[in-house]
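Listed here are the chains, written in short residue letters.
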Amino acid sequence: MKRTAFLFLSALLLPIDASYAQNFDALEYRNVGPTRGGRVTTVAGTVQEAGTFYLGASGGGVWKTTDYGTSWNNISDGYFASPSIGDIAASQTDPNLLYVGTGSEGLRSNVIPGKGMYKSVDGGSSWTHIGLKDSGHIGAVEIDPTNNNVVWVAAIGQAFSDNPERGVYKTINGGESWEQVLSISDAVGFADIELLPNNPEVVFAAAWKARRLPWSINSGGTQDEGGLFKSIDGGSNWRRISEGLPTGLIGRIDLAISASDSSIVYALVEAPGEDGGLYRSVDQGETFTQVSSKKGIRNRPFYYGNVEADPTDPNVVYVMASKYFKSVDGGVNWEELNPPHGDNHDMWINPNDSQLFIQANDGGANVTHNGGETWSSQFNQATTELYTVDVDDQYPYWLYSGQQDNGTAIAVPSRSPYSVQNVNAWLIEVGGCETGPAIPKPGDHTTVYANCKGRFSVFDKSTGTERSYYVGATNMYGQNPKDLKYRFQRVAPIAVSPHDPNVVYHGSQFLHRTSDNGVTWETISPDLTAFEADKQMASGSPITRDVTGEEVYSTLYSIRESAIAPGVIWTGSNDGPIHVTRDGGDSWKNVTPRGLPKGGRVDSVEPSRHDPAVAYAAVLRYQLGDTKPYAYRTSDYGKRWTLMTDGKNGIPADHPVRVVREDPVRPGLLYAGTEFGLFVSFDDGGNWQSFQQNLPVTPVTDIRIHRDDLVVATMGRAFWVLDDISALRQAPMPDVADSVVLFEPASTLRYRDRPSYDAPDPKAIPQYRTPSAIIDYHLPEGIDGPVTLEIVDANGETVNAFSSVNVMDSKDQGELIDSMALNEVRYVKQSSLTVKSGINRFHWDMRYRGPWQKDEKKRFTDGALAAAGTYRVKLAVGDEVLTQPLTIIMDPRVLEIGVSEAHVQAQLQLQRQVLELLDRARRIAQSVEEELEALDEDDDSDRRSALESAKQLLVMEEGIYMQPRLVSQISYLSRMLDQADQEPGGEALARFAELTAEYDAVLAGLD
């Protein structure tokens, strides 16, 4: 067996055998939030359990609450191949039975495709995929109320292409097999299904012709391409229902039937002009009458457009649109409800209590007990949809992004800067709006360059105000892009020059530059897009106009300047072209890869940190119906490109790539974010392997590598951080299958955490890890003996030592030492010192070996925090010992307030003396108590008297607020010295002298 300590090799490129993939399970991501809810498009509940509800997010999977929305937990992770949820059906007779259709039915431009149907028979604890993989987006799932094995599905189809799987499906055996019982064409799907409550053989189905394009949304068609269908024989035969409904163009239809009167059927219909609105039937859907053409209930029907009837009163009806409406007279008149967030999608009403319901919107899901008067919180669902991620240079650093349908861009810390009463206090606003990006100014994190759909601003965190400097200063809403002087996409890019933080780039179809915070702009490029005239149109056809900037085509989408070659700037547009300038914008060259099909969105361009001629590009074409991954590499400024993703070298053929980032330290180490997760390559994109670990399946929208951390933004599961990726940069990674390897730890910032009043919840989000030095090591299979880890300071003194087996300090190991200062190694059992084959990760809390305690589980913990400096890590596997250096760095914030390293050294010296005294006092106290217990009850010797006197001086009596004795007083002083980095106070020094004298007196009394 080969055993080697491998040193850092920053420039090493290693080939990787595609058949071999390293196990990285020990390297886990942390979800740093926020716990601000994101877009939820479907909700459900069951009458069997009043407090149990489910939400389906557009990119966050399925979540469950059992306490009326007080807390939520994801239940689909590890099972679902897509996080995009179309509909959830919960059985009303079996609380454990759930059916879920994937593929959100809210067809936005960034909608995530589904992967079919899932079923759970244990309340969501586990799931089985039950088919319809290619159904695209599922508009509705309905369970036959008389037979849980009979289930109906309305398949909208693929959002961006025609497909034959569009239609209505039925299973009679719980999903073991499906029959397509109704279809129209490859271009027409079905948005909704409703079963007659008292006769499920009567079925209504709403057809919908829908197609997303990068430059438009097409919703609706002719009468032959949509409309309402009815079956009275369980789907064997169907007929079109048209009497009373619009006779011209017809778009999305949503249906509702009240269980209290099944003769009444509601249909919310997308149609031109006054023909659109709510229709009502009183004869089980044979004929309809329009009851409302109110514009508010039918705005953006491709995105909202849901209607729901009260199960106890057929005249009470709700409509979900931008606003949330309720009618108590069958849809004639409307009042507005006030959920916690706008843009409303779905609701489920408890049949036994119509005042109890759950409602879904772009801010999450919320439960009400009183018909919408008050709601449960949305700050308990980490389903945030993020477009990008940028980081600042604070300590700890913060993460910034635009959050879908949030009022402003947001920022959260990578770890808690200090304690707060509620972790949601760490979610702050940083200007711009939902789309972002928000980029903190290097060297001045209080200044944030922000954006809102092309509207550039400078946000000042110190005042909370935002200065606006829009390029063109033109309101783009409602305008045809071809008429605009400057075309901006919703996520209009901003980039700060890595050479001058005052130089900021901003992209319309041109590249703009400012050096005075946007007060003045200069245009430094020609049109860098393809600009095809037939793609320039007011979005929304043939019925509903929808011009919000989301479909503005032929704009820049990515901007990056080389960090090693000033003036080398790369751009990518959302209609395909990639350009580069090597002279700061004086001249440009179109370097689009020749083999790249036209029209895709260049989601990211990444200049190498190691070679100015090298760059990487990720191109999304799924909005054109092409789900292949497109990631390219050039080594000659774009003259030639190599496709790094052929669908066979690690990234699957149906995983569109959104972003590729190169490691700033190791050339050729790449990270790729795809529609369904994250991948890593060690050979410059020649081969890829999953780097998912505990990251949920969700689109990875952006990646940053910052201070040895991998920082990830997702479209539906908030921000994630993988702490310390330094092991990935070192040889022989990744091919270490037969080696014992101790990787060199990254330099560690010496943070302190102020203890919280309450014990932290390990499941809580955000997940803020406690300060630690991360030590990674690799073990091959077949390691039998113990593994030990020792931390040694610059003087050769053992700071702490750990073992993978139980070698607790005890008498059978010859524990005869009363002084912690004598430097004899005592190994502490640590459950996190693992011996799995593959990568193992250990978190050293940067503390010295602590004092002895009676409780073995706490023994030798709570030592003094090590000072900044250089240490050595020693890993022993069998008779082999491997070593690596470890550097601990002072918290810069501590230095800024005037605490020096000398102060900390003096504090450490005193702390160690106090803890040594505490160690001895606890041992003496234990010895005294054991000796007393061993004496006969009749013993009234001088020895008993001395022991009892010593115990009284050492140990506090049991009771309420009893007088502290010596052990407690020493512990009190220890805690006082461990609150913060500081110069030791005179009172602490004097008190230590007093306690030492008291201890010596106790010893003298025993002698």
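Above this text is the structure in question.
### Quick word on the overall build of the chain
At step 1: Helix and strand counts for the chain come out as 5 helices and 67 strands.
At step 2: Taken over the C-alpha trace, the chain has a radius of gyration of 32 Å; the compact-globule value for 1007 residues is 30 Å, and the two agree within 12%.
At step 3: Principal axes of the C-alpha set define a box for the chain whose edges measure 105 × 75 × 60 Å.
At step 4: When the 1007 residues of the chain are sorted by exposure, 61% land in the buried category.
At step 5: When contacts within the chain are restricted to residue pairs at least 6 apart in sequence, those whose partners lie at least 24 apart make up 58%.
At step 6: A total accessible area of about 37700 Å² is found for the chain, and carbon and sulfur atoms account for 47% of it.

### Description of the packing of helix α3 (residues 942–954) against helix α5 (residues 986–1006)
At step 1: Orientation of α3 relative to α5, taken along the N-to-C sense of each, is 165 degrees, at an axis distance of 9 Å. As the angle between them shows, α3 and α5 are arranged roughly antiparallel. Relative to α5, the crossing made by α3 is left-handed. Where α3 abuts α5, its residues R943, A946, L947, A950, L953 and L954 lie against V1002, G1005 and L1006.
At step 2: Looking at side-chain class alone, the contact of α3 with α5 contains 7 nonpolar, 1 polar and 1 charged residues.

### Regarding the packing of aromatic side chains
At step 1: One pass over the structure, following the stated rule, counts 27 aromatic pairs.
At step 2: Plain terms: the ring middles of Y324 and W375 are 6.4 Å apart, the flat faces sit at 45 degrees to each other, and that makes the pair tilted. In this pair, Y324 is assigned in strand β26 (residues 324–327) and W375 in the loop between β30 (364–368) and β31 (390–391), connecting sequence segments 51 residues apart. Neither Y324 nor W375 differs from the other in exposure class; each is buried.
At step 3: Look at Y632 and W641: their rings are 6.5 Å apart centre to centre, the planes differ by 90 degrees, and that puts the pair in the edge-to-face class.
At step 4: Judged by relative accessible area, Y632 falls into the buried class, the value being 5%.
At step 5: Joined through ring pairs, the aromatic side chains of F24, Y29, Y671, F682 and F691 make up one cluster.
At step 6: The ring of W215 has K535 sitting right over it, with the charged end atom 5.0 Å from the ring centre.

### Here we look at the nonpolar core
At step 1: One finds I775, I791, F842, W844, Y871, L875 and I970 to be the most contacted residues of the largest nonpolar core, which totals 61 residues.
At step 2: The leading source of residues in this core is helix α2 (residues 901–934), at 12 residues.
At step 3: Residues within four places of F842 in sequence aside, it is in contact with A773, I774, I775, Y777, L789, F802, Q830, S832 and L833.
At step 4: Counting residues in hydrophobic clusters, the runner-up holds 27 residues, among them F24, A26, L728 and M733.

### Concerning the packing of α2 against α3
At step 1: Remark: α2 packs on α3, axes separated minimally by 10 Å, with the N-to-C direction vectors making an angle of 140 degrees. Judged by the angle between their axes, α2 and α3 are oblique. As α2 packs across α3, the resulting crossing turns out to be left-handed. Residues A921, I924, A925, V928, E929, E931 and L932 of α2 touch α3, and the partners they reach there are R943, R944, L947, E948, A950, K951 and L954.

### Looking at unusual backbone geometry
At step 1: The residue after G436, namely P437, is reached through a cis peptide bond having omega 0 degrees.
At step 2: Within the secondary structure, P437 is located in the loop between β34 (428–429) and β35 (438–441).
At step 3: The omega torsion across S541 and P542 is -5 degrees, close enough to zero to call that bond cis.
At step 4: Within the fold, P542 resides in strand β43 (residues 541–542).
At step 5: Not every positive phi belongs to a glycine, and F531 is a case in point at roughly 45 degrees.
At step 6: Mapped onto the elements, F531 comes out in the loop between β42 (522–523) and β43.
At step 7: The backbone of Q693 sits at a positive phi, close to 45 degrees, despite the residue not being glycine.
At step 8: By relative accessible area, which is 22% here, Q693 ends up partly exposed.

### So, α3
At step 1: For α3, spanning 13 residues, the distance from its first C-alpha to its last is 18 Å, which sits close to the expected 18 Å at 1.5 Å a residue.
At step 2: For α3, every residue scored as buried is listed here: R944, L947, A950 and L954. The buried residues of α3 occupy an angular sector of 130 degrees when projected down its axis, which confines them to one face.
At step 3: Buried residues along α3 sit against α2, α4 (966–976) and α5.

### Some points on the environment of Y418
At step 1: Tracing the chain through its elements places Y418 in the loop between β33 (410–413) and β34.
At step 2: Owing to a relative accessible area of 55%, Y418 belongs among the exposed residues under this scheme.
At step 3: C-alpha of Y418 to C-alpha of D784: the two residues are 366 residues apart in sequence and 42 Å apart in space.

### Looking at the environment of D254
At step 1: Mapped onto the secondary structure, D254 falls in strand β20 (residues 253–257).
At step 2: Judged by relative accessible area, D254 falls into the buried class, the value being 7%.
At step 3: Not counting the four nearest positions on each side in its chain, D254 is found in contact with D192, Y266, A267, L268, G305, N306 and V307.
At step 4: A polar atom in the side chain of D254 sits 2.9 Å from the backbone nitrogen of V307.

### Points about the pattern of salt bridges
At step 1: Counted under the stated rule, the structure contains 48 salt bridges.
At step 2: The partner of R601 in a salt bridge is D603, and the shortest N-O contact between them spans 2.7 Å. Of the two residues, R601 and D603, both sit in the buried class.
At step 3: Linking D702 and R661 is a salt bridge whose minimum nitrogen-to-oxygen distance equals 2.8 Å. Placement of D702 in strand β56 (residues 700–706) and of R661 in strand β52 (residues 657–662) is noted, with a sequence separation of 41 residues between them.
At step 4: By relative accessible area, which is 3% here, D702 ends up buried.
At step 5: R661 sits in the buried class, given a relative accessible area of 5%.
At step 6: Among the ionic contacts, a cluster of salt bridges with common partners joins D390, E606, R661, D702 and R704.

Rules behind the numbers
Think of each chain on its own: its residues are numbered from 1, step by step along the sequence as written. Predicted model: local features are reported for residues with pLDDT of at least 70 only, side-chain atom pairs are reported and counted for 80 or more only, and whole-chain, interface and lining totals are derived from all residues. To get the side-chain values, take all heavy atoms of the structure and skip hydrogens and water. For helices the rule is a DSSP run of H or I covering at least 4 residues; for strands it is a run of E covering at least 2, with both sets numbered from the N terminus onward. As a reference, a globule follows 2.2 Å times the number of residues to the power 0.38, and the radius of gyration itself is taken over C-alpha atoms. Here's how the labels work: a residue is buried when its accessible area is under 20% of the maximum for its type, exposed when over 50%, partly exposed in between, all with a 1.4 Å probe on protein chains only. Contacts between residues were defined by any pair of non-hydrogen atoms, one from each residue, lying within 4.5 Å. Computed with a 1.4 Å probe, the accessible areas rest on the Shrake-Rupley method; for each residue, only the protein chains presented here act as cover. Every axis corresponds to a line fitted to the C-alpha atoms, with the helix fit spanning only the stretch in contact, and the corresponding angles, defined between N-to-C directions, vary from 0 to 180 degrees. Angles are sorted into four bins: roughly parallel if under 35 degrees, roughly antiparallel if over 145, roughly perpendicular if 65 to 115, and oblique for all others. For any helix crossing, the convention is left-handed if the near helix is rotated counterclockwise from the far helix by under a right angle, and right-handed if that rotation is clockwise. All residues other than Ala, Val, Leu, Ile, Met, Phe, Trp, Tyr, Cys, Pro, Asp, Glu, Lys and Arg, Gly among them, are scored as polar; the first ten of these are nonpolar and the last four charged. Two rings from Phe, Tyr or Trp (for Trp, the six-membered ring) form a pair when their centres sit within 6.5 Å of each other. Planes less than 30 degrees apart are called stacked, planes more than 60 degrees apart edge-to-face, and all others tilted. The criterion for a charge sitting over a ring is simple: Lys NZ or Arg CZ within 6 Å of the ring centre, and within 35 degrees of the ring normal. In these notes, a set of buried Ala, Val, Leu, Ile, Met, Phe, Trp, Tyr and Cys residues joined through side-chain atoms within 4.5 Å is what counts as a nonpolar core. One less than the number of residues in a helix, times 1.5 Å, gives the span that helix is expected to have. By arc we mean the arc of the directions from the helix axis to the C-beta atoms, nothing more. Counted as a polar contact is a pair of N or O atoms within 3.5 Å, where, for protein atoms, one must be capable of donating a hydrogen and the other of accepting one, and residues adjacent in sequence contribute only when both atoms are in side chains. Salt bridge, as applied in this entry: a Lys or Arg side-chain nitrogen positioned within 4 Å of an Asp or Glu carboxyl oxygen.

Shape is all these values report; function is a separate question.
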